[in-house]
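Now for the letters of each chain:
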Amino acid sequence: MSLYFNQEHEMFRQMVRRFVENEINPHVEKWEEDRIFPAHELFPKAGALGLLGITYPEAYGGSGLDYWYETVMLEELGRANCAGIPMAIAVQTDMATPALAMHGTHEQKEKFLKPAIAGTAVFSIAVSEPDAGSDVAAIRTRAEVDGDDYIINGSKMWITNGTQADYLTLLARTSGDYGFKGMSLIIVPTDTPGFSVSKKLEKLGNHSSDTAILSFDNMRIPQANRIGPEGMGFILQMQQFQKERLAGVIMSTAGMEKIIRMTIDYCRQRQTFGKPLIDNQWIHFKICELLTEVEALRQLAYHCVRTLVAGEDVTKEASMAKLKAGRLAREVADTCLQFHGGMGYVEEYPMARYFRDARLLSIGAGADEIMLGIIAKYEGILPGQQK
Amino acid sequence: MKVVVCIKQTPSTTAVLTVDTGGNVKWDDPGGKPNVLNPWDEYAVEEGIRLKENHGATDVIVLTAGSEESQEALKTSLAMGCTAAILVSDAAFSGSDTTGTARILAAAINKVGGVDIAVFGKQAIDGDTGLTPMQVARKLGWTPLTYVSAIKEVGGGKITVERLLDDGKETVTANLPVVISVVKEINEPRYPSLMGIRKASRAEIPTWGAGDLAVAGGAGAAASKVDWSNIYAIPPRVGSVEMITADTVEEQARILADKLFEEKVI
Ligand SMILES: Cc1cc2nc3c(=O)[nH]c(=O)nc-3n(C[C@H](O)[C@H](O)[C@H](O)COP(=O)(O)OP(=O)(O)OC[C@H]3O[C@@H](n4cnc5c(N)ncnc54)[C@H](O)[C@@H]3O)c2cc1C
Ligand SMILES: Cc1cc2nc3c(=O)[nH]c(=O)nc-3n(C[C@H](O)[C@H](O)[C@H](O)COP(=O)(O)OP(=O)(O)OC[C@H]3O[C@@H](n4cnc5c(N)ncnc54)[C@H](O)[C@@H]3O)c2cc1C
């Protein structure tokens, strides 16, 4: 228990920890090797325990709790033996569904949010395109009105859960050619004719998570699947990104701490030049520095959660936390690998996987430079901005 | 049908036991894990809940005799799906041996009243005696069914169970009420759900003390028949390494074989 977490949170933490230890960790080796995990087996188990709808309304199977409970879950997921599966789960809970839960109609929530919370349907968030990652305003996937429907054409790239998703939360252009205006968020069932997975991507890390290029050829989707008013997609997605980024920060902070503690254990046991590695001042000082940075990041993350729970805008702080998390994860990975020596470089030990997986944080959910841009904008120092 | 599940709170499975020179026993978890619902008792709790789901039990009451802190284990059981919890706790009960604990639990089960089945885990991972279920059965005068690996049928005042023995399984039928102790083959304990946890953490758990129970024969340190006269840690085994050196492998092997023969290893 702590200032932030009460006994109920701690009971919940024990439960999620057990879920990770029993339902995820024993399968990590195989799922990493398979380059995919069985979302349709794992998600219903998580759903049955209430893990996929913590903050969502009880009317749709959620628990109606505040973000502190989500924080507990994300921290425990972040301690799993890989980053791929936690990311895939967070796509379902914090990346593809927040806008639906916040702005969807009752019918939409009945139809799409309910199975997302139960884990019977797997979701993807489909924003990035081959020519538009950081520059979301450049997306070209189009949704043209045809009667009560949209006809959707285009493609999306790097889509997590993409080869096994039942639904996409798709950002598409409903008018104009470039810019923030004229985009809409639309729920797309992947059994729609015209949908196809063009390629499953091989990646540096997060091997257990499937990532895909998707293509859309004259997909007919009812306009009733659009979340919120037409043209509001960009704004809704920017709101949704806050949850995505914060989730990434919380999971990775827990993961960093775990890997540092693993490194401490290793350096205690490993002897060089007649003494344990940890007895070298360079090593224990460096580890203490990293622990200090991680603690500072965690406190920033908790500040973000407090701000979010209070219903205030968290964009600037969440962007700062995301920037810091990406950079720190790289430093932690590099330093801890170094202290493992040759053991850090071989697959017999979890270190190498962490090193690979950690690299994504500075790119996914908005690259470090995009975070810097957002912070600059909030500080009023982005060129061309009025003071 | 009323079911009582008797559980104990124990150190975690990763906790390390130390005994100081004064014979004081301490459990410490290196990872700081809190005390838990005795892992064997998870199967008992699960089976209690299944008696409700599959055999029409109306109440599944989880019961423990222990310190105030044991509420945590009761709450875990409530979060899994037990319908009510009772903590029996009193300074007068501390220092009870298994007989004393059995008397307390039997008195509590009698106070609950109308109980048909009392479910126990096989043993507790700290004390490790495995005696309590049988002793409670004796105090209550109920049939003990130990090492139960499946409950086949409950009805018409009878219960049919499968018992897992060293050399096989046996199916037995007994008249209710019974005391059963279960083995891990019986089920796969469920996780407490988030909603279960929320309900459980708010539950007001009644505490029964010595004044609430008529404990026949008494309990607590004074009534204890077992005296722990000496508790000590097993001295760590000291080993030593001897490198055998010789000019040839054959010579090394011959020396090794001789030594092993001398030590009566071969
Ligand atoms: C494993 C993985 C999973 C992913 N999952 C999803 C998903 O589920 N859904 C989804 O929609 N997307 C997903 N993505 C895509 C991800 O969001 C993008 O890769 C990310 O936004 C970066 O976009 P980009 O790759 O197009 O890089 P680019 O936009 O081409 O940028 C390349 C680099 O240039 C720099 N840069 C860019 N803009 C600026 C600038 N203005 N100033 C200075 N420097 C700049 C940054 O360093 C950036 O990393 C995933 C990506 C990966 C790798
Ligand atoms: C792909 C690969 C190929 C290899 N090929 C060969 C080969 O062909 N032949 C061969 O003989 N070896 C080979 N090696 C072994 C390699 O030379 C060793 O891994 C390397 O020397 C480091 O030793 P170590 O792994 O035992 O690290 P350790 O000695 O355990 O050191 C671990 C870490 O502790 C830190 N450290 C160690 N000592 C100190 C100190 N005094 N003060 C402060 N910090 C310290 C460093 O950060 C170091 O990285 C290979 C290794 C790899 C990964």
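This one's a predicted model, so the numbers in the text were calculated from it and none came from an experiment.

Across its full length, chain A carries 12 helices and 10 strands. For chain A, the C-alpha radius of gyration of 21 Å lies close to 21 Å, the compact-globule estimate for 387 residues. Dimensions along the principal axes, computed over C-alpha positions, put chain A at roughly 80 × 50 × 40 Å. Burial analysis of chain A (387 residues in total) assigns 50% to the buried set.

Before going further, it helps to examine the overall build of chain B. Helix and strand counts for chain B come out as 6 helices and 13 strands. Here the C-alpha radius of gyration of chain B, 23 Å, is well above what a compact globule of 266 residues would show, namely 18 Å. Principal-axis analysis of the C-alpha atoms places the extent of chain B at approximately 80 × 45 × 40 Å. A burial count over chain B gives 39% of its 266 residues as buried. Once local pairs closer than 6 in sequence are excluded, the contacts in chain B between residues at least 24 apart make up 69%.

Turning next to the pairing of strand 3 (residues 149–160) of chain A. All names here are of chain A. Note: strand 2 (residues 142–146) against strand 3, 5 bridges, orientation antiparallel. Within strand 3, the position partnered with Val145 by the bridge is Tyr150. In this antiparallel pair of consecutive strands, strand 2 and strand 3, the connection spans 2 residues, and Gly147 shows a positive phi of 65°. Pairing geometry for strand 3 and strand 7 (residues 211–222), over 9 bridges, is antiparallel.

So, on to the interface of chain B and chain A. With 11 residues of chain B in contact, the opposing surface of chain A contributes 11 residues. Secondary structure elements with two or more residues in the side of chain B that touches chain A: helix 2 (71–80) and helix 5 (194–202) of chain B. Ranked by residue count, the leading element in the side of chain B that touches chain A is helix 5 of chain B, at 5 residues.

Residue and element names in this part refer to chain A. The environment of ligand 1 is formed by 23 residues, the closest being Val127, Gly133, Ser134, Thr160 and Glu369. If you list the elements that add at least two residues to the shell around ligand 1, you get strand 1 (123–126), strand 3 and helix 12 (368–379). Classifying every residue of the shell around ligand 1 gives 10 nonpolar, 10 polar and 3 charged. Two domains each donate at least three residues to the shell around ligand 1, and these are domain 2 (124–231) and domain 3 (235–379).

Moving on, we come to the site of ligand 2. The local shell around ligand 2 holds 13 residues, among which Thr272, Asn280, Gly341, Gly342 and Tyr345 of chain A are the closest. Across the shell around ligand 2, the residue classes tally to 7 nonpolar, 5 polar and 1 charged.

According to the domain assignment, chain A contains domain 1 (7–122), domain 2 (124–231) and domain 3 (235–379). Each side of the interface is counted separately: domain 2 of chain A has 9 residues, and domain 3 of chain A has 8 residues.

Here we take up the packing of helix 4 (residues 67–78) of chain A against helix 9 (residues 281–309) of chain A. Residues and elements named next belong to chain A. As a packed pair, helix 4 and helix 9 sit with axes 9 Å apart at the nearest point and diverge in direction by 150°. For the pair formed by helix 4 and helix 9, the contact residues are Tyr67, Trp68 and Thr71 on the first element and Val305, Leu308 and Val309 on the second. Looking at side-chain class alone, the contact of helix 4 with helix 9 contains 5 nonpolar, 1 polar and no charged residues.

Moving on to unusual backbone geometry. Geometrically, the link from Leu176 of chain B to Pro177 of chain B is a cis peptide bond, its omega value of 0° lying close to zero. Inspection of the secondary structure puts Pro177 of chain B in the loop between strand 11 (168–175) and strand 12 (178–182). The backbone of Asn206 of chain A shows a phi angle near 45°, a positive value even though the residue is not glycine. With respect to the element layout, Asn206 of chain A can be found in the loop between strand 6 (195–200) and strand 7. Asn206 of chain A sits in the buried class, given 25 other C-beta atoms within 10 Å. At Tyr147 of chain B, a residue that is not glycine, the phi angle is positive and equals roughly 50°. Tracing the chain through its elements places Tyr147 of chain B in strand 9 (residues 143–155). What makes Tyr147 of chain B buried here is the crowd of 20 C-beta atoms within 10 Å.

Val5, Val62, Cys82, Ile104, Leu105, Ala118 and Ile180 of chain B are the most contacted members of the largest nonpolar core, which totals 184 residues. Excluding residues within four positions of it along the chain, Ala118 of chain B makes contact with Val4, Cys6, Ile109, Val136 and Val179 of chain B.

Let's shift gears to helix 4 (residues 132–140) of chain B. Residue and element names in this part refer to chain B. Here helix 4 lies mainly inside the structure; 7 of its 9 residues are buried. Among the residues of helix 4, Thr132, Pro133, Gln135, Val136, Ala137, Lys139 and Leu140 are the ones counted as buried. Buried residues in helix 4 make contact with helix 3 (98–112), strand 8 (115–121), strand 9 and strand 12. Backbone geometry just downstream of helix 4 places Gly141 in the positive-phi region, at approximately 75°.

Another point: helix 12 of chain A. With 12 residues, helix 12 of chain A ought to run about 16 Å at 1.5 Å a step, and its terminal C-alpha atoms sit 16 Å apart, in line with that. One or two positions beyond helix 12 of chain A, positive phi appears at Gly380 of chain A, with a value near 75°.

With that settled, consider the environment of Arg327 of chain A. Residues and elements named next belong to chain A. Topologically, Arg327 is positioned in helix 10 (residues 315–339). Arg327 sits in the partly exposed class, given 16 other C-beta atoms within 10 Å. If we skip the residues at most four places from it in the chain, Arg327 touches Ser362 and Asp368.

Looking now at the sheet that holds strand 8 of chain B. Residue and element names in this part refer to chain B. If you walk across this open sheet you meet the 9 strands as 11-10-9-12-8-1-6-7-13, and the pairing is mixed. Each of the sheet's edge strands pairs with one partner strand only, and the pair in question is strand 11 and strand 13 (207–208). Bridge count between strand 9 and strand 10 (residues 158–165): 6 bridges; the pairing is antiparallel. Bridged to Ala150 within strand 10 is Glu162. The strands touched by helix 1 (residues 39–55) within the sheet are strand 1 (2–6), strand 6 (59–65), strand 8, strand 9 and strand 12, with strand 8 carrying the most contacts at an inclination of about 150°. Where helix 3 meets the sheet, it contacts strand 1, strand 6, strand 7 (84–88), strand 8 and strand 13, and its direction lies at approximately 150° from that of strand 6.

Thresholds applied
Numbering of residues begins from 1 in every chain and follows the order in which that chain's sequence is written. Here every chain gets a letter starting at A, and every ligand a number starting at 1, in the order they are written. Only residues with pLDDT of at least 70 get local features here, since the model is predicted, and only at 80 or more are side-chain atom pairs given and counted; chain-wide, interface and lining totals rely on the full set of residues. Each helix is a run of DSSP H or I of at least 4 residues and each strand a run of E of at least 2, with the numbering of both proceeding from the N terminus. What the globule rule says is 2.2 Å times the number of residues to the power 0.38, and the radius of gyration is computed from C-alpha atoms. Partly exposed residues are those whose C-beta has more than 12 but fewer than 20 other C-beta atoms within 10 Å; 20 or more makes a residue buried and 12 or fewer makes it exposed, with C-beta atoms placed from the backbone. It is the C-beta atoms, placed from the backbone, that decide contacts: two residues are in contact if theirs lie within 7 Å. Note on pairing: DSSP must find at least two bridges between two strands before they are called paired. The C-beta atom of each residue is placed using the backbone, and any residue whose C-beta lies within 6 Å of a molecule or strand is treated as near it. Under the grouping applied here, Gly and all other residues not named as nonpolar or charged are polar, the nonpolar ones being Ala, Val, Leu, Ile, Met, Phe, Trp, Tyr, Cys and Pro and the charged ones Asp, Glu, Lys and Arg. Residue ranges labeled as domains rest on an automatic or database domain assignment. A fitted line through C-alpha atoms serves as each axis, taken over the contacting stretch for helices, and the angle formed by two N-to-C directions is quoted from 0 to 180°. A set of buried residues drawn from Ala, Val, Leu, Ile, Met, Phe, Trp, Tyr and Cys, joined through C-beta atoms within 7 Å, is what defines a nonpolar core. Expected helix span is given by 1.5 Å per residue-to-residue step, counting one fewer step than there are residues.

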